Amino acid sequence: VPSKGFMTAFGAITYYYAAAEFGIRSTLAGILNIHPLDALVLTEPYSALSLGNVAKSIVKDSLLDEATKVKFIALVGEFKGHGPLRNAIAHCLWTKGKRRYSIKPVAFDIRSGRTRLVGMHEDERDWTIAELHKEGSKLHLLNHKIVKFQRESGLKAIIERKEAETIAAIEERLGSPTRSS
């Protein structure tokens, strides 16, 4: 069983990965000029890998300028690069690694059409607590990059405007929130 230090790093990676995924989904709301909740609903069925492909397809066909498209595609690529580690944390048990104070994921892989045990060979990737914390820090930074991208591209303003329009429409439909006695 991984120590508390490993579990803390796992938590950071999992949380910041989910936050980056939300950031990609909300950025799509700005690109599509729709409410963020609508973007979340539309993209919910997609795995993170598929979300990356959907996001790239949408931005490539959007009216954004080429430089903005390239920046978003780079962010999506960076996000996708963290997927295998996040998936190992979420779906694998972990065992002692080759290096001192390291661990590695153990799982069955059947994608090749044959059952293969992963994580039991000496040459497979292992992780120290420091390396895992570094990955968590990279994901934390990715979240800042996504927010900065939303702001600098003008998509944040679109997202905020859509949120305000929805709130105003709900208030108009439901009337005043005050009670009558």
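In this report, we go over the structure that sits alongside the text. (Residues numbered from 1 in each chain as written. Predicted model: local features only at pLDDT ≥ 70, side-chain atom pairs only at ≥ 80, totals over all residues. Heavy atoms only, no water.)

## Thoughts on a nonpolar patch on the surface
Here is step 1 of the chain: A contiguous nonpolar surface patch, about 330 Å² in accessible area, is contributed by Phe-108, Leu-117 and Met-120.
Here is step 2 of the chain: Take Leu-117: it is sitting in strand 3 (residues 116-118). (Patch = residues over 30% accessible without salt bridge, like charges linked within 9 Å, V, L, I, M, F, W, Y side chains within 5 Å. Areas by Shrake-Rupley, 256 points an atom, 1.4 Å probe, with all protein chains shown as cover. Salt bridge = Lys/Arg side-chain N within 4 Å of Asp/Glu carboxyl O. Helix = DSSP H or I, 4+ residues; strand = E, 2+ residues; numbered from the N terminus.)

## Section: the pattern of salt bridges
Here is step 1 of the chain: Enumeration according to the criterion identifies twelve salt bridges in this entry.
Here is step 2 of the chain: The residue Asp-109 makes a salt bridge to Arg-116 at a minimum N-O spacing of 3.8 Å.
Here is step 3 of the chain: The exposure class assigned to Arg-116 is partly exposed, which follows from its relative accessible area of 42%.
Here is step 4 of the chain: Notably, a salt bridge pairs Arg-161 with Glu-165, separated by 3.3 Å at the nearest N-O pair. Of the two residues, Arg-161 and Glu-165 both sit in helix 7 (residues 155-174), four residues apart, roughly one turn of that helix.
Here is step 5 of the chain: One salt-bridge network, in which partners are shared between bridges, spans Arg-99, Arg-125, Asp-126 and Glu-131. (Buried < 20%, exposed > 50% of the residue type's maximum accessible area, 1.4 Å probe, protein only.)

## Let's talk about the side chain of Gln-150
Here is step 1 of the chain: Assignment of secondary structure puts Gln-150 in helix 6 (residues 129-153).
Here is step 2 of the chain: Among residues more than four places away in sequence, those in contact with Gln-150 are Gly-23, Ser-26, Thr-27, Leu-155, Lys-156 and Ile-159. (Contact = heavy atoms within 4.5 Å.)

## Considerations on the packing of helix 6 against helix 7
Here is step 1 of the chain: Taken N-terminus to C-terminus, the directions of helix 6 and helix 7 make an angle of 85 degrees; their axes are 4 Å apart at the nearest point. Classed by the angle they form, the pair helix 6 and helix 7 counts as roughly perpendicular. Between helix 6 and helix 7, the residues in contact are Phe-149, Gln-150, Arg-151 and Ser-153 and Leu-155, Lys-156 and Ile-159, respectively.
Here is step 2 of the chain: When its residues are assigned to classes, the contact of helix 6 with helix 7 shows three nonpolar, two polar and two charged. (Axes fitted to C-alpha atoms, helices over the stretch in contact; angles between N-to-C directions. Parallel < 35°, antiparallel > 145°, perpendicular 65-115°, else oblique. Nonpolar A, V, L, I, M, F, W, Y, C, P; charged D, E, K, R; others polar.)

## Focus on helix 6
Here is step 1 of the chain: For helix 6, built from 25 residues, the straight-helix expectation of 36 Å at 1.5 Å per residue is met to within 8% by its first-to-last C-alpha distance of 36 Å.
Here is step 2 of the chain: When we look at burial in helix 6, the residues that qualify are Leu-132, Glu-135, Gly-136, Leu-139, Leu-142, Asn-143, Ile-146, Phe-149 and Gln-150.
Here is step 3 of the chain: The secondary structure elements touched by the buried residues of helix 6 are helix 1 (4-32), helix 4 (66-81), helix 5 (83-91), strand 4 (127-128) and helix 7.
Here is step 4 of the chain: Downstream of helix 6 by one or two residues, Gly-154 has phi in the positive range, about 85 degrees. (Expected span 1.5 Å × (residues − 1).)

## Notes on the nonpolar core
Here is step 1 of the chain: Core analysis: the largest hydrophobic core is formed by 31 residues, its most contacted members being Ile-24, Phe-72, Trp-94 and Leu-132.
Here is step 2 of the chain: Breaking this core down by element, the ones donating at least two residues are helix 1, helix 3 (48-60), helix 4, helix 5 and helix 6.
Here is step 3 of the chain: Sorting elements by how many residues they give to this core places helix 1 first, with nine residues.
Here is step 4 of the chain: Beyond its immediate stretch of four places on either side in the chain, Trp-94 contacts Pro-2, Phe-10, Leu-85, Ala-88, Ile-89, Ile-103, Lys-104, Pro-105 and Trp-127. (Core = buried A, V, L, I, M, F, W, Y, C linked by side-chain atoms within 4.5 Å.)

## Considering the environment of Asp-38
Here is step 1 of the chain: Inspection of the secondary structure assignment puts Asp-38 in helix 2 (residues 36-43).
Here is step 2 of the chain: In this structure Asp-38 comes out as partly exposed when scored by relative accessible area, which is 42%.
Here is step 3 of the chain: Between the alpha carbons of Asp-38 and Ser-26 there is a distance of 9.3 Å; along the sequence they are twelve residues apart.

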